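# Reading the structure
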Amino acid sequence: MKVLLLNGSPHEKGCTHTALTEIASTLERHDIQSEIFWIGNDPVAGCIGCGACAATGRCFRQDGVNEFVERAREADGFIFGSPVHYASASGAIASFLDRVFMCGGRQGVFVRKPAASIVSARRAGTTATLDQLNRYIAFHHMPMVPSLYWNMVYGSNPDEVRCDEEGMQIMRMLGENMAWMMRAFALAREAGIEEPQYEPKIKTPKNR
């Protein structure tokens, strides 16, 4: 089993990475592989709704989005991490995930795979950012993994984040719950428990 962790910070080894690393260490203690995927600090274009991915299975833009979706096919769980920018997720991760879920979501890449969001901040805006990131999870039939409090860490640099004892504990407990949920789902599949049957999606007519 493997968890793919997305680092949506412009800093590869910054506060968000520090929190993700704590989760990864916990997963590895349970013999679950993990990989931290950094989106980088080059500009990330947003989705333009062209529909090309519906036909090709890939975004027409040749960047990290397609690479992430391909890795996501082999992943069993996900953690989406972002710093807080103006009480929101980073602009880069928002654009990145819009395209990831438009492309991979159409293909069912994320369905029934456990996921969670985590955020890092100097001070405020954490719950608003978590709400923003969690919407991607809820939209795609992904069971949301809990911890013992909101999934956030505080600090202006990695050393300060490591000193956030409560935040680090939240990350470890998130890793514990992720490991347990993934094993439970695997056992359910082995036992032949039927997966949910989904109805065709009903969309509200545009003229309402």
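From a predicted model like this one, the values you see are computed outputs, not experimental measurements.

### Some thoughts on the overall build of the chain
- Tallying secondary structure elements over the chain gives 7 helices and 6 strands in all.
- Listed by position from the N terminus, the elements making up the chain come as β-α-β-α-α-β-β-α-β-α-β-α-α.
- The C-alpha radius of gyration of the chain comes to 17 Å, within 12% of the 17 Å expected for a compact globule of 208 residues.
- Each principal axis of the C-alpha atoms in the chain carries an extent, and together these give about 50 × 45 × 35 Å.
- Considering the chain as a whole, with its 208 residues, one finds that 44% of them fall into the buried category.
- Across the chain, the fraction of contacts at a sequence separation of at least 24, relative to all contacts at a separation of at least 6, is 77%.
- By element, 51% of the accessible surface of the chain is carried by carbon and sulfur atoms, the whole surface being about 11,200 Å².
- Of note, the chain has its 22 positive side-chain charges centred 8 Å away from the centre of its 23 negative side-chain charges.

### As for the environment of G77
- As for its placement among the helices and strands, G77 is situated in strand 3 (residues 77–85).
- A C-alpha to C-alpha distance of 12 Å links G77 and I23, two positions 54 residues apart in sequence.
- Setting aside anything within four residues of it in sequence, one finds G77 in contact with K2, V3, L4, P114, M178 and M182.

### So, the side chain of T129
- Examined against the element boundaries, T129 turns out to sit in helix 5 (residues 126–139).
- Among the residues examined, T129 registers a relative accessible area of 0% and is labelled buried.
- Ignoring anything within four residues of it in the chain, the contact list for T129 reads P83, V84, A87, S88, A89 and V119.

### Details of the nonpolar core
- Counting 30 residues, the largest nonpolar core has L6, F68, F78, F80 and F110 as the members making the most contacts within it.
- Contributions of two or more residues to this core are made by strand 1 (2–7), helix 3 (64–74), strand 3, helix 4 (91–106), strand 5 (115–121) and helix 5.
- With 6 residues, helix 4 is the single largest residue contributor to this core.
- Each residue touching F110, except ones within four places of it in the same chain, is listed here: F68, A72, F78, V100, F101, G104, G105, H140 and M142.
- Listed in part, the 22 residues of the second largest apolar core include C15, I79, V161 and A179.

Here is what the cut-offs are and how they apply
- Residues numbered from 1 in each chain as written.
- Predicted model: local features only at pLDDT ≥ 70, side-chain atom pairs only at ≥ 80, totals over all residues.
- Heavy atoms only, no water.
- Helix = DSSP H or I, 4+ residues; strand = E, 2+ residues; numbered from the N terminus.
- Rg over C-alpha atoms; globule rule 2.2 N^0.38 Å.
- Buried < 20%, exposed > 50% of the residue type's maximum accessible area, 1.4 Å probe, protein only.
- Contact = heavy atoms within 4.5 Å.
- Areas by Shrake-Rupley, 256 points an atom, 1.4 Å probe, with all protein chains shown as cover.
- Lys, Arg positive; Asp, Glu negative; His and termini not counted.
- Charge placed at Lys NZ, Arg CZ, Asp CG, Glu CD.
- Core = buried A, V, L, I, M, F, W, Y, C linked by side-chain atoms within 4.5 Å.

By themselves these figures say nothing about function.
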